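Observations on the model geometry
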Amino acid sequence: MRTGRLRSIRQLYLLLSVPLLVLFVFSYLPMIGLIIAFQDYNIFKGFFGSKWAGLAVFKEIFRMPSFWAALRNTFLLNGLNLAVGFPAPIILALMLNEVRGKGIKRTFQSTMYLPHFLSWAIIGSLAVELLADNTGLVNVFIKSHGGKIIPFLSERWRWLFTYQGIWIWQNAGWGTIIYLSSLTAINPELYEAAEVDGAGRWRKIWSITLPGISSTMVVLLILQVGRIVNISFEQPYIMGNDLVRDFADVISTFVYRMGILSARYNVGAAAGLFQSVVGLFFLLTANTVARKLTDTGIW
Amino acid sequence: MTRLLRRWPEALIILFLTVAALTCLLPLVHELMMAISSNDAVLSRKVGFWPVEPTLNSFREVFKDSSVLQSLVFSIYLTVAFTVIAMALTIAAAYPLTRPELKGRRFFTTVIVITMYFSGGILPLYVLIKTLGLLNSMWSLILPIAVSPYNLIILKTSLMSVPDSITESALIDGASYFRILIQIILPLSMPIIATLSLFYAVGRWNMFQDALFYISNAKLYTLQLKLAYIVINNTSPEVFQLEGAAAGYRIVPAAITAATVIVATMPILIAYPWLQRYFISGVMLGSVKG
C-alpha cells in the first residue's frame, strides 16, 4: 500500500509538469530571448547563429528621436493618469458612501462597473461614434446648435484629455470597489461619537472617512508610481491615430511598430528591455518607500 | 426648510452620480440605437438615443456577412477552447501545490510567482511564436496566456480549504491522487472553478492585441480584432488604403459596425449579473493576497 501511494505521488509531478512546461516555454524562454537585444539578430540564423552586437542596438535606439518620444509619452500618459485617474475612484467612492438608499446605491454601482467589462475594441468604436470630428454624436450636436466642433480625437492636446477621460470612464467605477470595502471597515461608532460632538458632513469625511481609507490610498498610489513606465498596449493603440502620433506613440506601440511591423526584432527587444529595467528601478523604489510608510511593503 | 437645506449636499451627490451613471450607459444606448436604425438614418447622423426608421436589417447583414459570421463563430470557439485548456492547466498546477507530500512545493510556487513580476515582453514572445511556427495558429492565442499565475494562486488558496482528512482517507482506501482530484476535490470546488473560468473567458473574449500581433489570416480574425481594424481604419483614412488592402478589408457601413459592436458586447451583457458578483469577489481575493 505504501508503494501504491508512492506511485501515486508521481501523478502529482506529472500533473504539475504540464503547466510548468507551458510556463517555461511561454514565460521563461522569452526572458532568455531578450538576449537578442544584444545580438545582430537574424531570424533565419536564429538565436544561436546570430552575431553578438554588444550594446550597439541600445546605442541605436538611444539615437532614435521616436524612441525618446515614446518614452516621454509613456511618462506623460501615466503621469497625467496619476494626477486625474488616481483620485477619480476615491471621489466617486466618497460620493457613493454618502448615498443612503441601498437600492439606488446598488443601481449606481452596477451601472458604473459596466464599462470595466467592455473591450478596448468596443470602447474605441464607442469613442469614434461619439467623439469623431464631423460624424461623432457630440460634434453633430454642437454643430447643429451653431457651435464649433471640438477635435477630441484629432488634436493632440485635446486627445490627452480624451485619453484620460476614457480611461476614467472605463476604470473609475470599478476602482471604487476596493475603497468601498475599506470604508465598511470603519467603526460606525466613530461617526456616532462625532455626531454627538456636533460634527457636520464635511468634518466627518475629513476626520473619519479619509483617515480610514488612507492606508489603501497610499498602497494603491505607490503601486501606481511603481508602474509608471509600464503601459498597456490596447488603449494607446486603439485611440492613437496619425494626427495625434506625437503624443500617442508609447513604448508598447513603438515596440509593435518597430519590432513587429518593421521586423526590427532586436530593436523591439532592446526597447522592451530598457523599459523593464527602468520599470524595475521604479518598482523597487516604490516598494522601499512603501515599507517605510506602511511597514508592510507591497509584496 | 432647514431639513431641506441639510439635505442639499445629498441631492447634489445623487445628481452627480446620476450623470456619471448615465455617461456609462448612454454610449452603449447610442450604439444600440444606431444598430437598429436604418443605415440611411445613421449616415445622415439623425440617430441619437432613439431609433430612426427602426429595422433589424443591420443585424441581418451582420449574420449574412460571411466574414463577420466567421469571426463570431471563431471567437466563440476560441473562447470556449481557451477557457477549458486554461482551466485544466491551472487546476493541474494548483492541486499538486496544495499537497504537503510534494517535494519542492516552495520552489515551484516561486517559479510561478516570478512570472507575475517579470516577463520577456512583447517582442521576444513574438519571435518565439514565429520560431515555433505558431503565427496564424489558434495556439498562439491560447498557450501564452493559458497559465495565469494570478488565477493559479487564487485557486491554490481555495483548494487548501478542502479538509486534508478527506484526501487522507481516500488515499488509505487506495485512490490515486488523480482520482481524488477528479472525484472529490473538483466537485467540492465548483464555485471557484466557475469564477476563474469566467475570468479566463472574459479576458479571452475581450483581448485583441495578441490576435493583432500573431494573426494575419482573415479566417482566424477574432471579433475584437475585426472591430479594432474598423476603429483604426475609421480614425485614419489614409492608413485604410494600406492596412485595409493588406487585411482584405472593405468599408463597413456605420449601422453594420454598430450591429457588430452590439453582437460583440452581447455575451458580456448577458453574463453581466454573474460577472459583477464573481469579479468583485476576485478583487477582494486579490487584495487580501496582495
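Note that this is a predicted model, so its numbers are computed, not measured.

Quick look at the overall build of chain B now. Summing up its helical and strand segments, chain B has 14 helices and zero strands in all. Reading the secondary structure of chain B in the N-to-C direction produces α-α-α-α-α-α-α-α-α-α-α-α-α-α. By residue count, 37% of the 290 residues in chain B fall in the buried class.

Looking now at the overall build of chain A. Looking only at helices and strands, chain A features 15 helices and two strands. The buried share of chain A, reckoned over its 299 residues, is 37%. Taking as baseline every contact in chain A between residues at least 6 positions apart, the subset at least 24 positions apart corresponds to 62%.

All names here are of chain B. Domain annotation for chain B reports domain 1 (9-55) and domain 2 (65-289). Summarising the inter-unit geometry, the C-alpha centres of domain 1 and domain 2 are found 32 Å apart. Looking at the side of domain 1 that touches domain 2, the elements that each hand over two or more residues are helix H1 (2-35) and helix H2 (39-43). For the side of domain 1 that touches domain 2, the element with the most residues is H1, which contributes five residues. Its residues assigned to classes, the side of domain 1 that touches domain 2 comprises six nonpolar, two polar and one charged.

In this section: the confidence of the model for chain B. Residue and element names in this part refer to chain B. Across chain B, the average pLDDT comes to 87, with 89% of residues at or above 70. For chain B, per-element mean pLDDT is lowest for helix H13 (residues 237-246), which scores 39, and highest for helix H11 (residues 209-214), which scores 97. Here residues 237-250 is modelled with pLDDT under 50, and outside its nearest four sequence neighbours on either side it reaches 11 contacts, counting other chains as well. For this predicted complex, the interface confidence score (ipTM) comes to 0.90, while the overall pTM stands at 0.90.

What follows concerns helix H10 (residues 188-196) of chain A. The element H10 of chain A is barely covered by neighbouring structure, given that only zero of its nine residues are classed as buried. Directly beyond the C-terminal end of H10 of chain A, a positive phi value near 85° is found at Gly-198 of chain A.

With respect to the element layout, Ile-122 of chain A can be found in helix H7 (residues 120-131). Here Ile-122 of chain A falls in the buried class, since 28 other C-beta atoms lie within 10 Å of it. It is 9.7 Å that separates the C-alpha atoms of Ile-122 of chain A and Ile-238 of chain A, two residues lying 116 residues apart in sequence. Leave out the neighbours within four places in its chain, and Ile-122 of chain A touches Leu-227, Val-261, Ala-264 and Thr-265 of chain B.

So, about the interface of chain B and chain A. Each side of the interface is counted separately: chain B has 76 residues, and chain A has 69 residues. Here the side of chain B that touches chain A takes 15 residues from H1 of chain B, the largest share from any one element.

Residue and element names in this part refer to chain A. Look at helix H5 (residues 87-98) against helix H9 (residues 156-183): their axes get within 7 Å of each other, and the N-to-C directions meet at 55°. In terms of their interaxial angle, H5 and H9 are classed as oblique. Both H5 and H9 take part in a crossing whose hand is right-handed. Only Ile-168, Ala-172, Gly-173, Gly-175, Thr-176, Tyr-179, Leu-180 and Leu-183 of H9 make contact with H5, whose side of the interface consists of Ala-88, Pro-89, Ile-90, Leu-92, Ala-93, Leu-96 and Asn-97. Partitioning the contact of H5 with H9 into residue classes produces 11 nonpolar, four polar and no charged.

Below, the discussion takes up the nonpolar core. Core analysis: the biggest nonpolar cluster contains 142 residues, and Ala-127 and Ala-271 of chain A together with Ala-93, Leu-227 and Ala-228 of chain B have the highest contact counts within it. Looking at this core, the element that brings in the most residues is helix H4 (residues 66-98) of chain B, giving 11 residues. Looking at which domains feed residues into this core, each of domain 1 (9-55) and domain 2 (65-289) of chain B gives three or more. Ignoring any residue separated from it by four or fewer positions in sequence, one finds Ala-93 of chain B in contact with Leu-16, Pro-19 and Leu-20 of chain A together with Ile-112, Val-147 and Leu-152 of chain B.

Attention shifts here to H5 of chain A. Residues and elements named next belong to chain A. Its 12 residues give H5 an end-to-end C-alpha distance of 17 Å, which sits within 8% of 16 Å, the value for a rise of 1.5 Å per residue. Where H5 is concerned, the buried positions are Ala-88, Pro-89, Leu-92, Ala-93 and Leu-96. Across the axial projection of H5, the buried residues extend over an arc of 125°, all falling on one side.

Our focus in this paragraph is the packing of helix H5 (residues 105-117) of chain B against helix H7 (residues 149-159) of chain B. All names here are of chain B. One way to put it is that H5 packs onto H7 with a least axis distance of 9 Å and a crossing angle of 135°. Here H5 lies oblique to H7, going by the angle between them. Facing H5, whose interface residues are Ile-112, Val-113, Thr-115 and Met-116, H7 presents Pro-149, Tyr-150 and Leu-152. Here the contact of H5 with H7 is composed, by residue class, of six nonpolar, one polar and no charged.

Residue and element names in this part refer to chain B. The phi dihedral of Arg-45 is positive, around 60°, even though this residue is not glycine. Among the secondary structure elements, Arg-45 is positioned in the loop between H2 and helix H3 (57-64). The exposure class assigned to Arg-45 is partly exposed, which follows from the 18 C-beta atoms found within 10 Å. Although it is not a glycine, Glu-53 adopts a positive phi angle of roughly 50°. Within the element layout of this structure, Glu-53 appears in the loop between H2 and H3.

Rules and cut-offs
- Residues numbered from 1 in each chain as written.
- Chains lettered and ligands numbered in written order.
- Predicted model: local features only at pLDDT ≥ 70, side-chain atom pairs only at ≥ 80, totals over all residues.
- Helix = DSSP H or I, 4+ residues; strand = E, 2+ residues; numbered from the N terminus.
- Buried ≥ 20, exposed ≤ 12 C-beta atoms within 10 Å, placed from the backbone.
- Contact = placed C-beta atoms within 7 Å.
- Domains from an automatic or database assignment.
- Nonpolar A, V, L, I, M, F, W, Y, C, P; charged D, E, K, R; others polar.
- pLDDT = per-residue confidence, 0-100.
- Axes fitted to C-alpha atoms, helices over the stretch in contact; angles between N-to-C directions.
- Parallel < 35°, antiparallel > 145°, perpendicular 65-115°, else oblique.
- Left-handed = near helix turned anticlockwise from the far one by under 90°.
- Core = buried A, V, L, I, M, F, W, Y, C linked by C-beta atoms within 7 Å.
- Expected span 1.5 Å × (residues − 1).
- Arc of directions from axis to C-beta.

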